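Descriptive analysis of the structure
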Amino acid sequence: MKETIISLREHPEMLEQFIAVFSSHYGNAELYCDCMTASLSAESPLPQWYLAIRPNHEVAGCAGLITNDFISRMDLYPWLCALFVEEAFRHRGIAGALIEHIAKSTADMGFRKLYCATDHTGFYEHFGFNFIGTGYHPWGETSRIYCRETIL
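A brief structural summary. Every value quoted in this text rests on a predicted model; they were computed, and no experiment measured them.

What counts, and at which threshold
- Residues numbered from 1 in each chain as written.
- Predicted model: local features only at pLDDT ≥ 70, side-chain atom pairs only at ≥ 80, totals over all residues.
- Heavy atoms only, no water.
- Pairing = 2+ DSSP bridges.
- Helix = DSSP H or I, 4+ residues; strand = E, 2+ residues; numbered from the N terminus.
- Axes fitted to C-alpha atoms, helices over the stretch in contact; angles between N-to-C directions.
- Disulfide = S-S within 2.5 Å.
- Expected span 1.5 Å × (residues − 1).
- Buried < 20%, exposed > 50% of the residue type's maximum accessible area, 1.4 Å probe, protein only.
- Contact = heavy atoms within 4.5 Å.
- Right-handed = clockwise from strand over helix to strand, strands pointing away.
- Salt bridge = Lys/Arg side-chain N within 4 Å of Asp/Glu carboxyl O.

Strand order in this open sheet of seven strands is β1-β2-β3-β4-β5-β7-β6, and the pairing throughout is mixed. Each edge of the open sheet is held by one strand with a lone partner, namely β1 (4-7) and β6 (130-136). Each adjacent strand pair in this sheet contributes to an overall mean axis angle of 30°, direction not counted. Bridging between strand β3 (residues 59-66) and strand β4 (residues 79-85) involves five bridges; their strand directions are antiparallel. The residue of β4 that forms the bridge with Ile 66 is Trp 79.

Below is the structure:
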């Protein structure tokens, strides 16, 4: 993989670019602006935000690490969230690299497990995640909950 994975906390000067990337895929720029700006001065190691950057500085993908993904299982954390790889860069190992980078960061923070809420079946299993149940969102929908050890 030619991409470099960077974190917002290590590159606060890129705050506007992080906000733009995440909100372009998931909407709600105000939410990302507030969350990401606050994360820069947070005492907790969470949340974290990551970009996969190509050698020409083009963004290939993104993902976050948060305390809860708007799901009923508040006893479980941290959560991989907002994983997205730009269509032009898919099937090149970028999603896996982001997941592994986040799993290592999660382990370095002292967490033994990493969770993910998703409607995708068959994708996260390739990266060591196992289905553990159903979670409920405040707006009435459900998502599949997956878990993996941070160090495989």
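That was the structure; now back to the text.
Tallying each qualifying case throughout the model produces zero disulfides. Here Cys 81 is not cross-linked by a disulfide; its sulfur's nearest cysteine counterpart is in Cys 35, at 8.0 Å. Counting only cysteine sulfurs, Cys 81 is the nearest neighbor of Cys 116, a cysteine outside any disulfide, at a range of 9.0 Å.

The first and last C-alpha atoms of helix α1 (residues 15-26) sit 16 Å apart over twelve residues, in line with the 16 Å expected at 1.5 Å per residue. When α1 is considered as a whole, its buried residues turn out to be Leu 15, Phe 18, Ile 19, Val 21, Phe 22 and Ser 23. Contacts made by the buried residues of α1 are with β1, α2 (29-39), β2 (48-53), β3 and β4. Among the residues trailing α1, Gly 27 stands out with phi positive, at a value near 70°.

Attention shifts here to the pairing of strand β5 (residues 113-118). Burial of β5 is extensive: five of the six residues sit out of reach of the surface. Pairing of β4 with β5 involves two bridges; the strand directions are parallel. Paired with Leu 80 across the two strands is Cys 116, which belongs to β5. Handedness of the β4-helix α3 (residues 94-108)-β5 crossover: right-handed. For β5 and strand β7 (residues 142-149), the ladder comprises six bridges, and the chain directions are antiparallel.

Before going further, it helps to examine the side chain of Thr 106. Its place among the elements puts Thr 106 in helix α3. Beyond its immediate stretch of four places on either side in the chain, Thr 106 contacts Leu 65, Pro 78, Phe 111, Lys 113, Leu 114 and Thr 150.

This part takes up the pattern of salt bridges. Overall, the coordinates contain five salt bridges when judged by the stated rule. A salt bridge links Glu 3 to Arg 54, with the nearest nitrogen and oxygen atoms 2.6 Å apart. In this pair, Glu 3 sits in the segment before β1 while Arg 54 sits in the loop between β2 and β3, placing the two residues 51 residues apart along the sequence. Take Glu 3 and Arg 54: they sit in the same class, and that class is buried. Between Arg 73 and Asp 75 there is a salt bridge; the shortest N-O distance is 2.7 Å.

Next up on the list: unusual backbone geometry. Residue Pro 47 is bonded to the preceding Leu 46 through a cis peptide linkage, with omega at 5°. Structurally, Pro 47 is set in the loop between α2 and β2. Of note, the bond from Tyr 77 into Pro 78 is cis; its omega dihedral lies within 30 degrees of zero at 0°. In this fold, Pro 78 is placed in the loop between β3 and β4.

The values are spatial; any link to function lies outside them.
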